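Each chain, written out:
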2 protein chains.
Amino acid sequence: MPKATFFNLDPEKREAVLQAAWEEFARHPFEQASLSRIVQDSRIAKGSMYQYFEDKLDLYLYMVELAYEQKRSYLKKAFALKADMFTILEEYYHQSYLFARDFPFMHRVINNFWDSRAPALEAELARGKLSRSQDFSGFLKEARRKGVVNPLLNPEAIFFVYHAVGRDLIEYFGDEANSRFVSDVLDVLKYGLQAREEGS
Amino acid sequence: MPKATFFNLDPEKREAVLQAAWEEFARHPFEQASLSRIVQDSRIAKGSMYQYFEDKLDLYLYMVELAYEQKRSYLKKAFALKADMFTILEEYYHQSYLFARDFPFMHRVINNFWDSRAPALEAELARGKLSRSQDFSGFLKEARRKGVVNPLLNPEAIFFVYHAVGRDLIEYFGDEANSRFVSDVLDVLKYGLQAREEGS
DNA sequence: AGGTAATGTGACCACCCAGTCATAAGGGGA
DNA sequence: TCCCCTTATGACTGGGTGGTCACATTACCT
């Protein structure tokens, strides 16, 4: 958490710090990101930074939190939908796409965060992963109960697949992915690969 | 490529260097790996390292190459199979699992390599990705021709899904994954999620 | 204007890094 | 023993890092 001083700051200055930090943490994972560079880019004295934040980690976690706050405001539109699992998932990734399009820096910061291996972040990452897996589990259980999902499949394997695909889908937004492609990918998961007599 | 001196080395010494390098590159991505640590751990003078290798990158790429050589000797067993696509894929991931079990350090080095973002590795990574995508493309086209794979699905989306899932499957070997789990995951891809009247 | 508390500052510290180089040591062959 | 070539060595260079601190500056209240 930033110190009170940071919030008392002249908004223009605060924005400059944030902007420099977005660029740095978007370009580099936590360990390789450089406070010195952020300080240089935002034309602020090194010492000032330590008036605003405890240390590099404090700043970083704050940025991640800001980014997630913004992203959640997109994602909630998907969860608000009263529809079947596949539709909700499609909207979920669609909203992720819109977020990445509108806030590319935040998007990259979040991606870097998820595949960070810094020991300082281990605890934070584990918490996030667990929470996500539980969310999806509840979601999936509901869908199975309703008979929307093939009950013969191992739920953990389903989560694994969605996690992996969702991760890459989000990682490569802006590259090859677009809305149409997201649908196609989800179709692969929905219908499966194996050819069938009666198409659906 | 190592310099000739490296191959003239007393095998015990050479092994010590390699062992220290495996541990370092397994624990840290290229940029964060420290030559100084490797040199310390292998009880060799800093200068000696530069008698054996051009620089840090030279050593690193050599290690990745060694690891891949070993891994290929496992994977080729899958490609030698005369069976349908799903069976071959299952064997492919099974062999990946065995490799990770037998050579955990190499396995982690390869994983770190794939999600490295170091500019020095960009070219090498792009080459590898392209080659893999072409391999899979040919593979998939063949399967479609034989009617094993649902022709309504977007081939690029199929590749995307397999790439993502395969990547994570390999990344987490040793954690949650085992042979049974690999099958379950592949079943999810094969049969798809959506419930059907007649099970298969 | 005076005084006090909050902020700003950049030189500086200790540490780590990849890579270099002058010098020393070793290993045949003559 | 001498020579020469290959190999070993670790102090050193130049540069980067996160973080500190004594001091300067500003802002606000009386």
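Everything discussed here concerns the structure shown above.
Residues numbered from 1 in each chain as written. Chains lettered and ligands numbered in written order. Predicted model: local features only at pLDDT ≥ 70, side-chain atom pairs only at ≥ 80, totals over all residues. Heavy atoms only, no water.

1. Notes on the protein's contact with DNA strand D
Contacts to DNA strand D come from 20 residues, most closely from Ser34(A), Tyr50(A), Gly47(B), Ser48(B) and Gln51(B). Counting only the atoms of DNA strand D that lie within 4 Å of the protein, the sugar and phosphate share comes to 54%. A distance of 3.1 Å separates a phosphate oxygen of DNA strand D from a polar backbone atom of Ala33(A). Ser34(A) places a side-chain nitrogen or oxygen 2.9 Å from a phosphate oxygen of DNA strand D. Contributing elements (two or more residues each) for the surface near DNA strand D: helix H3 (35-41) and helix H4 (46-52) of chain A together with helix H1 (4-8) and helix H4 (46-52) of chain B. (Near = heavy atom within 4 Å. Polar contact = N/O pair within 3.5 Å; in protein donor to acceptor, adjacent residues only side chain to side chain. Helix = DSSP H or I, 4+ residues; strand = E, 2+ residues; numbered from the N terminus.)

2. Some words on the nonpolar core
Inside soluble globular proteins, nonpolar side chains tend to come together where they are buried. Core analysis: the biggest nonpolar cluster contains 100 residues, and Tyr162(A), Phe25(B) and Tyr162(B) have the highest contact counts within it. The dominant element in this core, judged by the number of residues it contributes, is helix H5 (residues 56-79) of chain B, at ten residues. Formed by 36 residues, the second largest nonpolar core is a distinct cluster that contains Val17(A), Trp22(A), Ile44(A) and Met63(A). (Core = buried A, V, L, I, M, F, W, Y, C linked by side-chain atoms within 4.5 Å. Buried < 20%, exposed > 50% of the residue type's maximum accessible area, 1.4 Å probe, protein only.)

3. Considerations on the interface of chain A and chain B
On the side of chain B, 44 residues touch chain A, which itself brings 44 residues to the contact. Together chain A and chain B conceal approximately 4100 Å² of surface at their shared face, both sides included; 60% is due to carbon and sulfur atoms. Among the residues chain A hides against chain B, the three largest losses belong to Arg117(A), Phe160(A) and Leu193(A). Together they make up 19% of the total. Remark: the boundary between chain A and chain B carries four salt bridges. Linking Arg167(B) and Asp168(A) is a salt bridge whose minimum nitrogen-to-oxygen distance equals 3.9 Å. Where chain A packs against chain B, one counts 16 residue pairs in polar contact (both at pLDDT 80 or more). Broken down by secondary-structure element, the contributors of at least two residues to the side of chain A that touches chain B are helix H6 (85-102), helix H7 (104-114), helix H9 (155-171) and helix H10 (179-191) of chain A. Ranked by residue count, the leading element in the side of chain A that touches chain B is H9(A), at 13 residues. Of the residues belonging to the side of chain A that touches chain B, the class tally is 21 nonpolar, eight polar and 15 charged. (Contact = heavy atoms within 4.5 Å. Buried area = accessible area lost by both parts, 1.4 Å probe. Salt bridge = Lys/Arg side-chain N within 4 Å of Asp/Glu carboxyl O. Nonpolar A, V, L, I, M, F, W, Y, C, P; charged D, E, K, R; others polar.)

4. So, the relation of the copies chain A and chain B
Of the transformation placing chain A onto chain B, the axial shift is 0.0 Å and the rotation is 180 degrees, giving an RMSD of 0.1 Å. One copy is carried onto the other by what is essentially a two-fold rotation axis. Considering only C-alpha atoms, the residue of chain A closest to the rotation axis is Gly192(A), which sits at 1.6 Å. A share of 100% of interface residues in chain A that are also interface residues in chain B marks the association as one of identical surfaces. (Least-squares fit on C-alpha atoms with pLDDT ≥ 70 in both.)

5. Some points on the protein's contact with DNA strand C
As a structural note, the neighbourhood of DNA strand C is formed by 20 residues, with Asn8(A), Gly47(A), Gln51(A), Ser34(B) and Lys56(B) the closest of them. Within 4 Å of the protein, the atoms of DNA strand C are drawn from sugar and phosphate moieties in a proportion of 54%. Thr5(A) is positioned such that a nitrogen or oxygen atom in its side chain is 3.3 Å from a phosphate oxygen of DNA strand C. Tyr50(B) is positioned with one of its side-chain polar atoms (N or O) 3.1 Å from a phosphate oxygen of DNA strand C. Taken together, the elements giving at least two residues each to the surface near DNA strand C come down to H4 of chain A together with helix H3 (35-41) and H4 of chain B.

6. Digging into the packing of aromatic side chains
Any aromatic ring pair is given by two values, namely how distant the centres are and how the planes are angled relative to each other. Residue and element names in this part refer to chain A. Per the stated rule, a full pass over the model turns up 42 aromatic pairs over all chains. One aromatic cluster is present, built from ring pairs that chain together Phe-79, Tyr-92, Tyr-93, Phe-136, Phe-139, Phe-159 and Tyr-162. Directly above the ring of Phe-30 sits Lys-56, whose terminal nitrogen or CZ lies 4.8 Å from the centroid. (Phe/Tyr/Trp six-rings, centres within 6.5 Å; stacked < 30°, edge-to-face > 60°. Lys NZ or Arg CZ within 6 Å of the ring centre and 35° of its normal.)

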